[in-house]
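Below are the chains, spelled out letter by letter.
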Amino acid sequence: MNIMARSILLVGKTAKAFGQSIAVSVEKLPLTSTGRMIRRPNTARMRCVLLTTIFVIGCITIHERGVKRYLMHDAAKDGELQMKPTYFDKEHVCANALPYAKMHDPREEEVAVFRDVHIERAGGMADSFDKVPPEYVALPPGSNVACWDCSSRSGECMNPTINARNVVKCSGWTSGGDEAFGDDDEDYWEGDPRRIWVSYKEYEFLGTKRTVIHGDAAAFFGFFPTNFGHCLHDNFPMVAWLKSVVPEHTKFLLPNTAMYKKLLTFIDPSFVENRVYFFDANEIVTVEGGTLTVAKADSLIVGEYGNTLFRPLRHWIFENHPEYYPEEEDRHIVFYTRDGPHTEHGRVLELQHEQDVLALIRSAMEKYNRKEKLVIFSGQDGAGNILPLEEQFDTFRRASTIIGPHGSGLANNIWTYPFPKDCNERVQMLEFISGSDTDEVQSRYNGYYWVMRGMPIDWHQVVYTPDSSFYTTYIDLDAFQEALDDMWGPDKSLIEAQ
């Protein structure tokens, strides 16, 4: 078969299998008959090389099907809520949305450094919510995927720190030995935590069992899959995005952890029951009779992609949980406390200081005639038991304002109402984070703005004071009061972000 005929055949197969617009050129089209992979570049770089009428038709078919799938995942159940920016009101950018949260601190230099850090970290994306999507590839039938854990055999591993929790390394390869992502596809060396994909040749000996999955499949294994917060903001955005770009019959191969199962089952029980196989670390999964799709993000913290990955996650959650509470009397002002037996990683407000913070909240609620209910949330009930997900969801879906120290409890903002009608209706978050003189508490400026900026939230932050430690923390109460006045006082939500 000549190159033109084979290229036409591939375009047709790709359109049928993925319904996704792709960028191809005739001389670079891979051939499934050789057992080689099909590489799918980012949709932001879509451009077909149109040489014949047949290629025009093929590209249009792929593009049309891709758009249909995208809109299907980006519409409300009633069909009325179409995709539109959730961070703009008329001609204005919602305040405190880009390119950083609003820092409330009397020190101008601290605020300036905070802003510079966020702009630098954005890497050219400071003025956008939509980073170019991750690269993903479709491997041919007979391909394999595995994620590795060297905990029990660290002396034999090239990278002995790999543990399938906070040091995640995976491999994808064809039956012919081609890597899904080789060294030429990577910007980071193997020991860099931002690099997920490594050569199977160095770790295949760790394989404890082999499992065969039949039909098309997509696989993902992200950072810290055993942790509540990291599942929500470092794993599920990628899962939701992959779900939006592969056919609906595609099976998903996901980490076999109790937290993954619990959270995904809550979000979409039918998806888990009918389309998910949970695989263990060091389990090699082979896909027969279909393609294996895997993706490569540029960072472990996939929140850096902003709306690109959080948009499909917000819509996915809304499809199964459409609850909406527009009346102020039905809503909550949620204060997150880390004072509880299940809290890890410190950052607990000193107990009397926490009471002072709560007193300021109650006073501001009275001052501004806030009708919501103040809810003190720890993720636990009075007996110290973890709250059911349904109760956690209800608390945060009703939230109008969320206040508290950085921690996984604040990751519950993923449950907040995902489609505010304008800037004013966005949920407000006031987060306590580490600043330039509190590195002992946590990494400097480590807050949820950067991790979850793909959520339509009015972001505010204050830093811990220098007398804070890893275990016990304090904030500047004057700065905190100023933040409450700024959030609940005169309307500033339509001021264009600078």
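Coordinates for the structure precede this section.
Visitor: Would you take a moment to explain the overall build of the chain for this structure?
Guide: Along the chain, the regular secondary structure elements total 12 helices and 20 strands. For the chain, the proportion of its 498 residues judged to be buried stands at 58%. Within the chain, residue pairs in contact and separated by at least 24 positions form 77% of the contacts whose partners lie at least 6 positions apart. Of the accessible surface of the chain, which amounts to about 21,100 Å², a share of 51% is contributed by carbon and sulfur atoms.

Visitor: Help me out: how do you make sense of the packing of aromatic side chains in this one?
Guide: Think of a pair of aromatic rings as described by two things: how far the centres are apart, and how the planes are tilted against each other in angle. For the structure shown, the criterion picks out 24 aromatic pairs. Residues Phe-181 and Trp-197 carry aromatic rings whose centres are separated by 5.7 Å and whose planes lie at 45 degrees to one another, so their mutual orientation is tilted. Of this pair, Phe-181 sits in the loop between strand E7 (170-173) and strand E8 (209-214) while Trp-197 is found in the loop between E7 and E8, placing the two residues 16 residues apart along the sequence. For the pair shown, Phe-181 and Trp-197 are each scored as buried. With 4.9 Å between their ring centres and 85 degrees between their planes, Phe-470 and Tyr-471 make a pair best called edge-to-face. Since its relative accessible area comes to 60%, Tyr-471 is described here as exposed. Of the aromatic side chains, those joined through ring pairs into one cluster are Trp-148, Trp-173, Tyr-200 and Tyr-203. The side chain of Lys-131 reaches across the aromatic face of Tyr-305, ending 4.6 Å from its centre. Cation over ring: Arg-453 sits above Trp-450, and NZ or CZ is 4.9 Å from the ring centre.

Visitor: I tried to follow the pattern of salt bridges on my own but got confused; where do I start?
Guide: Think of it this way: side chains of opposite charge can pair up when their charged atoms draw near. A full pass over the atoms with the stated rule returns 14 salt bridges. Arg-121 serves as the salt-bridge partner of Glu-304, at 3.9 Å between the closest nitrogen and oxygen. Separated by 183 residues along the polypeptide, Glu-304 in the loop between strand E13 (292-296) and helix H8 (307-320) and Arg-121 in helix H3 (residues 108-122) bring together distant segments of the chain. Residue Glu-304 is classed as buried on the basis of its relative accessible area of 16%. Each of the salt bridges in this network shares a partner with another, and the network as a whole consists of Asp-105, Arg-107 and Asp-437.

Visitor: Help me out: how do you make sense of unusual backbone geometry in this one?
Guide: With the exception of glycine, most residues fall at negative phi, and the peptide bonds are largely trans. At the junction of Leu-98 and Pro-99, the peptide bond is cis and its omega measures out at -5 degrees in the coordinates. Considering the arrangement of structural elements, one finds Pro-99 in the loop between strand E3 (92-93) and strand E4 (102-103). Positive phi, close to 65 degrees, is recorded for Asn-96, a residue that is not glycine. Here Asn-96 shows up in the loop between E3 and E4. A relative accessible area of 15% places Asn-96 in the buried class. The phi angle at Asn-282 is positive, at roughly 70 degrees, despite the residue not being glycine.

Visitor: I'm lost on the state of the cysteines in this one. Help?
Guide: Here a disulfide denotes a covalent bond joining the sulfur atom of one cysteine to the sulfur atom of another. The full count for this structure, using the stated rule, is three disulfides. Note that Cys-94 is cross-linked by a disulfide to Cys-423, the S-S spacing being 1.9 Å. A torsion of -85 degrees about the S-S bond marks the disulfide between Cys-94 and Cys-423 as left-handed. A residue pair is termed long-range when its members are at least 10 positions apart, and Cys-94 in the loop between E3 and E4 and Cys-423 in the loop between strand E17 (399-405) and strand E18 (427-433) qualify at 329 residues. For Cys-94, a relative accessible area of 0% corresponds to the buried category. Between the sulfur atoms of Cys-147 and its disulfide mate Cys-170 the distance is 2.0 Å. Handedness here is read from the sign of the S-S torsion; for Cys-147 and Cys-170, about 100 degrees, the answer is right-handed. Of this pair, Cys-147 sits in strand E6 (residues 143-147) while Cys-170 sits in strand E7; the two residues are 23 residues apart in sequence, bridging distant segments of the chain. When its relative accessible area of 2% is taken as the criterion, Cys-147 is described as buried. Residue classification places Cys-170 among the buried residues on the basis of a relative accessible area of 1%.

Visitor: Would you explain the packing of helix H6 (residues 258-267) against helix H10 (residues 389-397) in this entry?
Guide: Helix-helix packing is described using two parameters, namely the angle between the two axes and the distance between the axes. Packing of H6 against H10 leaves a shortest axis separation of 11 Å and a crossing angle of 60 degrees. Judged by the angle between their axes, H6 and H10 are oblique. For the element pair H6 and H10, the recorded crossing hand is right-handed. Contact residues: H6 offers Lys-262, Leu-263 and Phe-266, while H10 offers Leu-389, Glu-390 and Phe-393. For the contact of H6 with H10, the per-class residue count stands at four nonpolar, no polar and two charged.

Visitor: Help me understand the nonpolar core, please; the structure alone is not making it clear to me.
Guide: Across soluble globular proteins, nonpolar side chains have a tendency to be buried as a group. If you look at the biggest cluster of nonpolar residues, it comprises 72 residues, and the most contacted ones within it are Phe-236, Phe-252, Leu-254, Tyr-260, Ile-414, Trp-415 and Trp-459. Setting aside residues up to four positions removed in sequence, Ile-414 forms contacts with Leu-232, Phe-310, Leu-313, Ile-317, Met-452 and Met-455. Grouped together as the second largest cluster of nonpolar side chains are 24 residues, Ala-219, Phe-223, Val-285 and Leu-300 included.

Conventions used here
- Residues numbered from 1 in each chain as written.
- Predicted model: local features only at pLDDT ≥ 70, side-chain atom pairs only at ≥ 80, totals over all residues.
- Heavy atoms only, no water.
- Helix = DSSP H or I, 4+ residues; strand = E, 2+ residues; numbered from the N terminus.
- Buried < 20%, exposed > 50% of the residue type's maximum accessible area, 1.4 Å probe, protein only.
- Contact = heavy atoms within 4.5 Å.
- Areas by Shrake-Rupley, 256 points an atom, 1.4 Å probe, with all protein chains shown as cover.
- Phe/Tyr/Trp six-rings, centres within 6.5 Å; stacked < 30°, edge-to-face > 60°.
- Lys NZ or Arg CZ within 6 Å of the ring centre and 35° of its normal.
- Salt bridge = Lys/Arg side-chain N within 4 Å of Asp/Glu carboxyl O.
- Disulfide = S-S within 2.5 Å.
- Axes fitted to C-alpha atoms, helices over the stretch in contact; angles between N-to-C directions.
- Parallel < 35°, antiparallel > 145°, perpendicular 65-115°, else oblique.
- Left-handed = near helix turned anticlockwise from the far one by under 90°.
- Nonpolar A, V, L, I, M, F, W, Y, C, P; charged D, E, K, R; others polar.
- Core = buried A, V, L, I, M, F, W, Y, C linked by side-chain atoms within 4.5 Å.

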